[in-house]
Amino acid sequence: MKMHFCIPVSQQRPDALGGRYTLYSVYLDGLLFCRVRYSQLHRWDEQLRRVFGNCLPPFPPKYYLAMTTSMANERRDQLEHYLQNVTVDPNMLRSEVFVDFLKRVQLDTFSIAAKKAALDIFLPDERSIEVEILTSDTAERVLEVVSHKIGLCRELLGYFGLFLIQFCKEGKLSVMKKLADFELPYVSLQSSELEDCKVGLRKWYMDPSLDSMLMDCRAAVNLIYLQAIQDIQRRWAKPTPAQRQKLEALQVEDKQAEFLELAREVRHYGYVQLDPCTCDYPEPGCGAVLSVGNNEISCCVTLPDSRTQQVVFQLSRVKCWQVTFLGTLLDMDGPQRTLNQNLELRFQYSEDSRWQWFVLYTKQAFLLSSCLKKMISEKMVKLAVENPEMQKDCSSFLPRTSKMKAAEGDCDWGTTEEEGL
């Protein structure tokens, strides 16, 4: 599925010959990923076409005359769509020409040299381990280094991921984003404007039944066991008093397998919980706490009269969704590196045999969208296993790209519109 790439703004810069060129600010999941010129992207596209041929999406054409403002905006939209569409093919994402270019522009944007470095990786129990890496190592490579150090079976790496996690006041933490395989964790951490941000290791699947795939690896079991304990302690997972008593007894005896078997019966076990936000249901301005997992979005909504209401949206009834940023980016030459303010995720949902739009206003909209896409991909895999003919039809679930609009500095755009099941 498509990555959450967007280019909300561009800047005019003087070149060495007295002319001017355009520098595009490319964001991934709401955080500044790199700044790059059209000519760099054009050469990259030519390299990709030598490897993959004409299966690539169309690249914006060159202009040999001065561009008008509308032409410049159209090119930015086209480049944005190109970056989104080129990431659909998983073979492209793993190719050397794809990864090497993105590594280079990440390092160049933030003036970070490729060198040896130490990086702390936080485990689910908030202990950290230090790994020796290169600043140019991708998240996929860093995950391999971490797995080797803790004894995690290599074939199980796909069930885990590296995340940017923000540690807030009073011991609270927020999962901000999952790092893409081609991202450089060292660079993302150094360049992020998020305060008290760290790189953390967490499981990356939304279907609790997938725990069974990890039970033969001691390191994997220990990781999901520690995360389950943390989620219960933070009240992200919500056991009944009877379940809590049994879980505490199993924890004292360190019976990890039995603990996890019971934990899978706990409400919201394995869900990703988002920070408190607002929504427009059942009326505008309601507070909400979102938990997403196991093919649903669970909302604890606080009504204006302070009453609470539990609302559950089933993924099977979600037709599509869209992340939108509503705001103004002012000084793009300054430290502005995040779009995680004024974000909304709106989704179309079937209720009472009619389609309705629901809006969630949350700075973790991109993370929520990633979770929805992950649940869809897991559902597709499960259906394909149950019915091999489904493998031929998987392309029908690919996300659609919505029209995006952005003026220089003033933005009102949606990143991608995704298809539900």
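For the structure, see preceding data.
Below you will find a few notes about this structure. (Residues numbered from 1 in each chain as written. Predicted model: local features only at pLDDT ≥ 70, side-chain atom pairs only at ≥ 80, totals over all residues. Heavy atoms only, no water.)

A look at the pairing of strand β2 (residues 20-28)
Walk down a regular strand and you will see the side chains alternate between the two sheet faces. We count it as follows: The classification of residues rests on relative accessible area computed with a 1.4 Å probe and restricted to protein chains. Under 20% of the type maximum is buried, over 50% is exposed, and intermediate values are partly exposed. Note on conventions: DSSP H or I runs of at least 4 residues are helices, E runs of at least 2 residues are strands, and numbering of each starts at the N terminus. Think of it this way: DSSP has to see at least two bridges between two strands before they count as a pair.
The element β2 is extensively covered by neighbouring structure, given that seven of its nine residues are classed as buried. Both strand β1 (residues 5-14) and β2 contribute to a ladder of eight bridges, which runs antiparallel. Paired with F5 across the two strands is L28, which belongs to β2. Hairpin connection from β1 to β2: five residues lie between these consecutive antiparallel strands, with G18 at a positive phi of about 90°. Here β2 runs beside strand β3 (residues 31-37); their pairing, made up of six bridges, is antiparallel. Bridging across to β3, V26 finds its partner in C34. If you look at the hairpin formed by β2 and β3, you'll find two residues sitting between the two strands, and D29 has a positive phi there, around 55°.

Focus: the sheet that holds β3
To be explicit about the condition: For every element, the axis is a line fit to its C-alpha atoms; helices are fit only across the contacting stretch, and the angle between N-to-C directions ranges from 0 to 180 degrees.
The antiparallel open sheet is built from three strands, whose spatial order is β1-β2-β3. This sheet does not close on itself; its edge strands, each paired only once, are β1 and β3. Taken over all neighbouring pairs, the strand axes of this sheet differ in orientation by 25° on average, direction set aside.

Quick notes on the sheet that holds strand β4 (residues 116-122)
Remark on secondary structure: sheet strands pair via backbone hydrogen bonds, oriented parallel or antiparallel. What counts here: Contacts: residue pairs with any heavy atoms within 4.5 Å of one another.
One open sheet holds the five strands; their spatial order is β5-β4-β8-β6-β7, and the pairing between them is mixed. Each end of this open sheet is capped by a strand with a single partner; those strands are β5 (128-134) and β7 (173-178). Sheet twist, expressed as the average angle between the axes of neighbouring strands with direction ignored, equals 45°. Here β4 runs beside strand β8 (residues 197-203); their pairing, made up of two bridges, is parallel. Within β8, the residue paired with I121 across the bridge is V199. Helix α5 (residues 139-150) rests against β4, β5, β6 (160-167) and β8 of the sheet, and its axis sits at about 130° to β5.

A look at the side chain of Q230
The cut-off we apply is this: For the purposes of these results, a polar contact is taken to be a pair of N or O atoms within 3.5 Å, where, inside protein, one atom must be able to donate a hydrogen and its partner to accept one; residues adjacent in sequence count only when each atom of the pair is a side-chain atom.
When you line up the elements, Q230 lands in helix α7 (residues 218-233). By relative accessible area, Q230 is classed as buried at 6%. A distance of 3.2 Å separates the side chain of Q230 from the side chain of R202, its partner in a polar contact. If we ignore the near neighbours within four places in the chain, the residues touching Q230 are P124, E126, L173 and R202.

Some thoughts on empty space enclosed by the protein
Convention followed: Think of a 1 Å grid over just the protein atoms. A cavity is a set of points where a 1.4 Å probe fits yet cannot get out, a pocket is an open set with protein on both sides within 12 Å along at least five of seven lines, and lining residues have an atom within 4 Å of a point. Grid points are joined across faces, edges and corners, and a volume is the space filled by probe spheres set on the points. All amino acids are sorted into three groups, where Ala, Val, Leu, Ile, Met, Phe, Trp, Tyr, Cys and Pro are nonpolar, Asp, Glu, Lys and Arg are charged, and the leftover types, Gly among them, are polar.
Under the defined criterion, the tally for this structure stands at six cavities of 30 Å³ or more. Computed from the structure, the largest cavity encloses a volume of approximately 130 Å³. Taken together, 14 residues make up the lining of the largest cavity; nearest its centre are L31, L32, F33, S188 and S191. Broken down by secondary-structure element, the contributors of at least two residues to the lining of the largest cavity are β3 and α6 (185-191). Considering only residue class, the lining of the largest cavity consists of six nonpolar, four polar and four charged. By volume, the second largest cavity amounts to about 100 Å³. Lining the second largest cavity are F163, V175, R202, K203, W204, Y205, M206, Q227, D231, G270, Y271 and V272.

Concerning the layout of surface pockets
In this structure, the largest pocket encloses a volume near 1,700 Å³. Taken together, 48 residues line the largest pocket, and the ones lying closest to its centre are K178, D181, W204, K374 and S377. Looking at which element gives the most residues to the lining of the largest pocket, the answer is helix α10 (residues 365-386), with nine residues. Across the lining of the largest pocket, the residue classes break down as 24 nonpolar, eight polar and 16 charged. Each pocket or cavity is described by its volume, and for the second largest pocket that value is around 390 Å³. Around the second largest pocket, the lining is made up of 21 residues, and of these R234, W236, Q273, L274 and V289 lie nearest the centre. For the lining of the second largest pocket, the elements supplying multiple residues, two or more each, are β7, β11 (286-293) and β12 (296-302). Within the lining of the second largest pocket, the residues separate by chemical class into eight nonpolar, seven polar and six charged.

Observations regarding unusual backbone geometry
The peptide bond linking Y281 to P282 adopts the cis configuration, its omega dihedral lying at 0°. Topologically, P282 is positioned in the loop between β10 (277-279) and β11. Positive phi is not limited to glycine here, since E126 has a value of about 75°. Inspection of the secondary structure assignment puts E126 in the loop between β4 and β5.

Overview of the environment of D216
The topology assignment puts D216 in the loop between β8 and α7. Through-space distance from the C-alpha of D216 to that of C153 is 9.5 Å; in sequence the pair is 63 residues apart.

Digging into the environment of N342
Within the fold, N342 resides in the loop between β14 (318-328) and β15 (343-351). Each C-alpha atom, one on N342 and one on T324, is 8.5 Å from the other, the two residues being 18 residues apart in sequence. In this view, N342 contacts T324, F325 and L326; residues no more than four positions away in its chain are not counted.

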